[in-house]
Amino acid sequence: MNEPRSAIIMAAGRGIGEGIARHLHSAGYSLVLVSNGEGARTLASELRCLGLQGSVTSEDDINSAVSAAVEAFGRIDLVVNNTGHPATGPLLEIPDSDWRMGLDLLLLNVVRMARAVTPVMEAQGGGSIVNISTYAAVEPNPRFPVSSTLRNALAAWTKMYADLYGPKGIRINNILPGSFENYPSSPEQLGRIPLRRQGKMKELGEVVAFLASEGGSYITGQNIRIDGGLARPI
């Protein structure tokens with residue numbers, strides 16, 4: 001990496017967000033980490049970066065993260081929109097309140113971050129946004145009905161954003177993880193994965209870093225599966 005780069009990582013206190021944060025830190029990124037609880041601050045103390053407590057569903061918290069990154073680093077090269085798990089349950093038994101919460105958690109989180117960070121990226125001549133989605137966006141899974149549904153909406157929104165802001169040098173992509181080591185998996189579930197194992201956090205972090213790098217500079221508006229072959233669509 002020729003010059004220091006900066007990134008905001010949402011929901012970075014544990015799991016996938018933490019794994020991505022560790023990888024980007026090792027790649028030389030200056031980071032702003034955000035999580036609901038103390039996880040991001042604890043991790044930031046270890047990595048010697050900036051940690052904030054805030055929610056991916058709060059426009060004020062998102063704006064604060066963007067402002068903190070600009071103040072600390074003068075630019076934002078990468079945003080990773082990671083988030084938590086929405087409600088699950090039988091399809092017709094999910095109440096409207098859970099669908100609305102899912103909208104906040106899985107789609108509007110990305111929309112609100114884009115509102116906040118796009119002017120910064122436009123002014124600096126470009127940037128990269130990576131949204132952590134799920135393989136169930138291309139192969140809907142009744143175990144995750146809210147996620148499967150709304151992350152299809154995220155795919156459509158991402159394509160529209162890519163069309164509008166590609167000319168400004170801003171790229172946006174969705175990563176669709178399958179089963180990763182942060183989440184329990186049974187032998188039966190592993191048997192459905194052609195590679196017969198869960199993904200490693202380092203593997204996910206490397207894809208994020210690639211999409212934000214010069215190597216990924218011609219990739220935008222895409223849904224990129226990283227699932228060991230789990231999803232069946234061609």
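Residues numbered from 1 in each chain as written. Predicted model: local features only at pLDDT ≥ 70, side-chain atom pairs only at ≥ 80, totals over all residues. Heavy atoms only, no water.

Describe helix α5 (residues 145–165), naming the residues involved and giving the relevant values.
With 21 residues, α5 extends 30 Å from end C-alpha to end C-alpha; this agrees with the ideal 30 Å at 1.5 Å per step. Those residues of α5 that fall on the buried side of the exposure criterion are Pro 145, Val 146, Ser 147, Ser 148, Leu 150, Arg 151, Leu 154, Ala 155, Thr 158, Tyr 161 and Ala 162. Each element contacted by the buried residues of α5 is listed here: α4 (96–124), β5 (127–132), β6 (170–177) and β7 (223–226). (Helix = DSSP H or I, 4+ residues; strand = E, 2+ residues; numbered from the N terminus. Expected span 1.5 Å × (residues − 1). Buried < 20%, exposed > 50% of the residue type's maximum accessible area, 1.4 Å probe, protein only. Contact = heavy atoms within 4.5 Å.)

Can you tell me about the environment of Gly 125, naming the residues and giving the values?
Looking at the secondary structure, you find Gly 125 in the loop between α4 and β5. Using a relative accessible area of 53% as the deciding quantity, one classes Gly 125 as exposed. Note: C-alpha distance between Gly 125 and Lys 168 (43 residues apart in sequence) is 6.7 Å. Dropping the residues within four chain positions of it, Gly 125 is found in contact with Lys 168 and Gly 169.

Please set out the side chain of Thr 158 residue by residue, giving values where relevant.
Among the structural elements, Thr 158 can be located in helix α5. Dropping the residues within four chain positions of it, Thr 158 is found in contact with Asn 131, Ile 172, Asn 173, Asn 174 and Gly 221.

Please set out the pattern of salt bridges residue by residue, giving values where relevant.
Evaluated as defined, the whole model comprises 11 salt bridges. With a closest N to O distance of 2.7 Å, Glu 203 and Arg 197 form a salt bridge. The exposure class assigned to Glu 203 is partly exposed, which follows from its relative accessible area of 27%. Judged by its relative accessible area of 34%, Arg 197 is partly exposed. Taken together, the shared-partner salt bridges connect Glu 18, Arg 22 and Glu 46 into one network. (Salt bridge = Lys/Arg side-chain N within 4 Å of Asp/Glu carboxyl O.)

Give a detailed account of the sheet that holds strand β2 (residues 29–35), specifying residues and quantitative values.
As summarised here, the arrangement of the seven strands in space is β3-β2-β1-β4-β5-β6-β7, forming an open sheet in which the pairing is parallel. Among the strands making up the open sheet, the edge pair consists of β3 (50–53) and β7. Ignoring strand direction, the axes of neighbouring strands in this sheet form an average angle of 20 degrees. Two strands pair when backbone bridges link them, and β2 and β3 are joined in this way by four bridges, in the parallel orientation. Residue pairing across strands places Leu 33 opposite Gly 51, the latter belonging to β3. Docked against the sheet, helix α7 (residues 201–211) engages β4 (78–81), β5, β6 and β7, running at close to 165 degrees with respect to β6. (Pairing = 2+ DSSP bridges. Axes fitted to C-alpha atoms, helices over the stretch in contact; angles between N-to-C directions.)

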